[in-house]
Amino acid sequence: MNVLMETYKRMNIAPKSGRGSWLFDESGTRYLDFIAGIATNSLGHAHPALVGAIQDQAGELMHCSNLYEEPLQAEVAGMLTRSTAFDRVFFCNSGAEAVEGAIKLARKHAHETHGPDKHEVVTFTKSFHGRTYGGLTATAQEAYKTGFGPMLPGFVHAPFGDLDAAREAVGPRTAAVLVEPVQGEGGIHEAPEGFLEGLRELCDEHAALLVFDEVQTGAGRTGHLYAYQGTPVVPDVLTSAKGLGGGFPVGAILAKEECAALSPGDHGSTFGGNPLAMAAVKAVLEVVDDPAFLEEVRFKGNILKNALATLAGAVPGAEVRGAGLLLGLDLGDAALAKEVFERCVEAGVLVNVVGGTTVRLAPPLTVTRCEIRQALDALRGAVGAAVGGGPRSPGPRPSPPPGRPPPGRSRPWPRGRALYPTQQDSPLDPSPLAGRDCLTLAEFGPEEVRLILDQAVRLKSLRKSRIPFRALFGKTLAMVFQKPSNRTRVSFEVGMYQLGGHALHISPEEIQIGKRETPSDTGRVLARYIDAIMVRTFDHDDLAELARAADVPVINGLSDLHHPCQALADLLTIREEVGEIEGTKVAYVGDGNNVAHSLAIGCALTGAELTIAHPKGHAPDEKVMELASSLGTPTALTEDPEEAVEGSRVVYTDVWASMGQEAEAEERKEEFAPYQVNEGLMARAASDAIFLHCLPAHRGEEVTAGVIDGPRSRVFDQAENRMHAQKALLYLLMG
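A brief report on the enclosed structure follows. This is a predicted model, so every value here is computed, not measured.

## Points about the overall build of the protein
Then step 1. Looking only at helices and strands, one finds 23 helices and 26 strands in the protein.
Then step 2. Taken over the C-alpha trace, the protein has a radius of gyration of 30 Å; the compact-globule value for 735 residues is 27 Å, and the two agree within 12%.
Then step 3. Counting only C-alpha atoms and orienting by the principal axes, one finds that the protein spans roughly 95 × 55 × 50 Å.
Then step 4. Among the 735 residues that make up the protein, the fraction classed as buried is 57%.
Then step 5. Look at the contacts in the protein between residues 6 or more apart in sequence, and 74% of them connect residues 24 or more apart.
Then step 6. On the protein, roughly 30,300 Å² of surface is accessible, and the fraction owed to carbon and sulfur atoms is 52%.
Then step 7. In the protein, 69 positive and 94 negative side-chain charges are present, and the distance between their average locations comes to 4 Å.

Okay, structure coming up:
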């Protein structure tokens, strides 16, 4: 007989212990905890600072009545007020208690300033404010209220995000507007642009208090200590709980001095602010309330959100919402969301479903990038299998991860802030591409490619103007060369130096991917030392394996299949010459190699009209061409170079025999001779056509000296642009 009330739909999982982002049951089976006690275990499990603080305090004093002075309570309240816009703090034991207290405070404030008729509280659909009667009445979701009526009077509900409806609801009787800046239980809904600002104006107009329910979004969850700090709005009152104690029960009401209307006897809590809870909050704040830690939360949140957005693109109608490490993947279908959730659990990753159709992810704030990658792998597998009807996972692995404690902070705070030329370049605004890999250009969308090119233009302008831009101060790029190259090394090394970072060259003799150790092990090890990896290699599969294992951005400097950095330099050069890339006619003449592959993908994404002329038997890879065509403007293939070049604005070629094909060089000279770019072929191009070549060049073979050294050549501008395009890529991927 179960003696517990059946108030929870419990899963068949019984955790016995935890460490960092992991939970373990009695059999040793491990689960990657990406729900963190519903956004509560902010420092993960068994964080040494939190455990130590609670143990030490328990040995001194666990509970003392609020009839007496409690110095630790005052100290922790001071930590909160110094880091926020508030002046007074009341401690309680949960989020529901904090909301109840905030409602009482708002009504008392209105009663004292305007009388008893001003008592209404306006809240919003899809909200959740707790399960006690005040919070339950405030929650505008009928499913939570069934069987518990009647609700309390004096509450008005309006549609979330609808400012016009809010104007109708707020009036002279309104004591407070209660809102979540990001709704949690309702399905992870961010407030639309301008909505919170509009509520602030309404409250000011009607002398009502603006109350932010930050029970779920607070204590660093969104990458700010409190979510309001990432908006232009400052509320009058704020509620906090969940992550504030890192798993220890505690809640708080924060209020501005002029709004703190509660007096002795108005409100209280037996256990509120007890020494044990205050020790926990102090330990959490000492870790979380740190600019470097919060920057890292935003950075990791961007990694996760970007990857989820890519995943959502494969499911019709799906979308990603949220901020920081409070994210939701809305699959638009309750049955699909339930199956994805179940498959994640079977794969050993714990998430949950909110709002019926949304898979919520709220991992510990100390989650590592490697753990994010593991969770994403499981989620991709779950979505793919659920959509495609694949087999179930065999279940989570029983072996635990290394038992090292989670770090209090993940990255050093950059000291080079004064070197940022404009405020918008601050590291407080993470790149939308932060943490992403660049193995092929197909990993980016058209707007993202445009963003990279825009950034390259900007960084080039700063460089030409001699304006320092050290955005990557203190960061290191590992340059792994299985296949040597002077231009790749110099452009990346100088680019990192100009961005304030450091580039470490690793030669083929020093590291042999797949020989001395597996690509996966190489990726895992390098990622422990550095902030990003550039690899120039023969085998694209080795590169992909290394990238899957590394939890830092990995950039393809060149592989047998793709050369994305070169394609970005090509697109930048074309853009500088013609202005708008879309509709530009581009002809590539020669071998259907990695350069042709990446150019085809880049042209598809930017709308350029590419034709590739190649000898028989040397066409581009069929699968790569299918991929390029799926992304945008399709590439035309021909064996006639004159047909390809006719009327083209850009004519492009590459060597006939690449590194590793030396044995075929003489044979290729005969096959490719009709594909030489010479003055005669260029005469078929547009009168203002330019010539490109990715270098090194062999004059007299794939191109004549008269073309490559002539007035139409932009080859050396193109070579310079490798550095500028790569700098933009480094800046955006490394955050």
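Text resumes after the structure shown.
## Section: the pattern of salt bridges
Then step 1. Scanning the entire structure with this criterion turns up 33 salt bridges.
Then step 2. A salt bridge links Asp 591 to Arg 668; its shortest N-O distance comes to 3.2 Å. In this pair, Asp 591 is assigned in the loop between β22 (585-589) and α17 (594-606) and Arg 668 in helix α20 (residues 665-672), connecting sequence segments 77 residues apart. Neither residue differs from the other here; Asp 591 and Arg 668 are each classed as buried.
Then step 3. With its nearest N and O atoms 3.4 Å apart, the salt bridge here joins Lys 669 to Glu 701. Here the residue Lys 669 occupies a position in helix α20, and Glu 701 occupies one in the loop between β26 (690-693) and α22 (705-708), the gap between them amounting to 32 residues.

## Thoughts on unusual backbone geometry
Where the residue is not glycine, phi is negative for most of them; where a peptide bond is considered, it is trans in most cases.
Then step 1. The step from Gly 149 to Pro 150 runs through a cis peptide bond, and the omega angle for that step is 0°.
Then step 2. With respect to the helices and strands, the residue Pro 150 is situated in the loop between α5 (133-138) and β6 (155-158).
Then step 3. In this model, Leu 695 is joined to Pro 696 through a cis peptide bond whose omega is 5°.
Then step 4. For Ala 36, which is not glycine, the phi torsion reads 50° and is therefore positive.
Then step 5. Along the chain, the position of Ala 36 falls in helix α1 (residues 36-39).
Then step 6. In this model, Leu 695 sits at a positive phi of 65°, which is unusual for a non-glycine residue.
Then step 7. Inspection of the secondary structure assignment puts Leu 695 in the loop between β26 and α22.
Then step 8. For Leu 695, a relative accessible area of 15% puts it in the buried group.

## Comments concerning the side chain of Thr 222
Then step 1. The topology assignment puts Thr 222 in the loop between β10 (209-213) and β11 (237-240).
Then step 2. Those residues within four positions of Thr 222 in sequence are excluded, and the remaining contacts are Thr 217, Ala 227, Val 297, Arg 298, Ala 323 and Gly 324.

## Structural notes on the packing of helix α2 (residues 48-58) against helix α8 (residues 275-288)
The description of two helices packed together rests on the angle between their axes and the distance between the axes.
Then step 1. Where α2 meets α8, the closest approach of the two axes is 9 Å, and the angle between their N-to-C directions is 155°. When the axes of α2 and α8 are compared, the pair comes out roughly antiparallel. In terms of crossing hand, the pair formed by α2 and α8 is right-handed. Contacts between α2 and α8 pair Ala 49, Leu 50, Ala 53, Ile 54, Gln 57 and Ala 58 from the former with Pro 275, Leu 276, Ala 279, Ala 280, Ala 283 and Val 284 from the latter.
Then step 2. Residues that form the contact of α2 with α8 fall into these classes: eleven nonpolar, one polar and no charged.

## A word on the pairing of strand β18 (residues 476-481)
Consecutive side chains of a regular strand alternate in pointing toward one face of the sheet and then the other.
Then step 1. With six of its six residues buried, β18 lies for the most part within the structure.
Then step 2. Of the two faces of β18, the one carrying Thr 476, Ala 478 and Val 480 and the one carrying Leu 477, Met 479 and Phe 481 are both buried.
Then step 3. In the sheet, β18 pairs with strand β19 (residues 502-506) via five bridges, with the strands oriented parallel. Bridge pairing in β19 places Leu 477 opposite Ala 503.

## Topic: the sheet that holds β19
Then step 1. If you walk across this open sheet you meet the four strands as β19-β18-β20-β21, and the pairing is parallel. The open sheet terminates on both sides in strands that have one partner only, identified here as β19 and β21 (554-558). Sheet twist, expressed as the mean angle between neighbouring strand axes with direction ignored, is 20°.
Then step 2. In this structure, strand β20 (residues 532-536) lies alongside β21, joined through four bridges in parallel fashion. The residue bridging Ile 533 from the neighbouring strand is Val 554, located in β21.

Each value, and the rule that gives it
- Residues numbered from 1 in each chain as written.
- Predicted model: local features only at pLDDT ≥ 70, side-chain atom pairs only at ≥ 80, totals over all residues.
- Heavy atoms only, no water.
- Helix = DSSP H or I, 4+ residues; strand = E, 2+ residues; numbered from the N terminus.
- Rg over C-alpha atoms; globule rule 2.2 N^0.38 Å.
- Buried < 20%, exposed > 50% of the residue type's maximum accessible area, 1.4 Å probe, protein only.
- Contact = heavy atoms within 4.5 Å.
- Areas by Shrake-Rupley, 256 points an atom, 1.4 Å probe, with all protein chains shown as cover.
- Lys, Arg positive; Asp, Glu negative; His and termini not counted.
- Charge placed at Lys NZ, Arg CZ, Asp CG, Glu CD.
- Salt bridge = Lys/Arg side-chain N within 4 Å of Asp/Glu carboxyl O.
- Axes fitted to C-alpha atoms, helices over the stretch in contact; angles between N-to-C directions.
- Parallel < 35°, antiparallel > 145°, perpendicular 65-115°, else oblique.
- Left-handed = near helix turned anticlockwise from the far one by under 90°.
- Nonpolar A, V, L, I, M, F, W, Y, C, P; charged D, E, K, R; others polar.
- Pairing = 2+ DSSP bridges.

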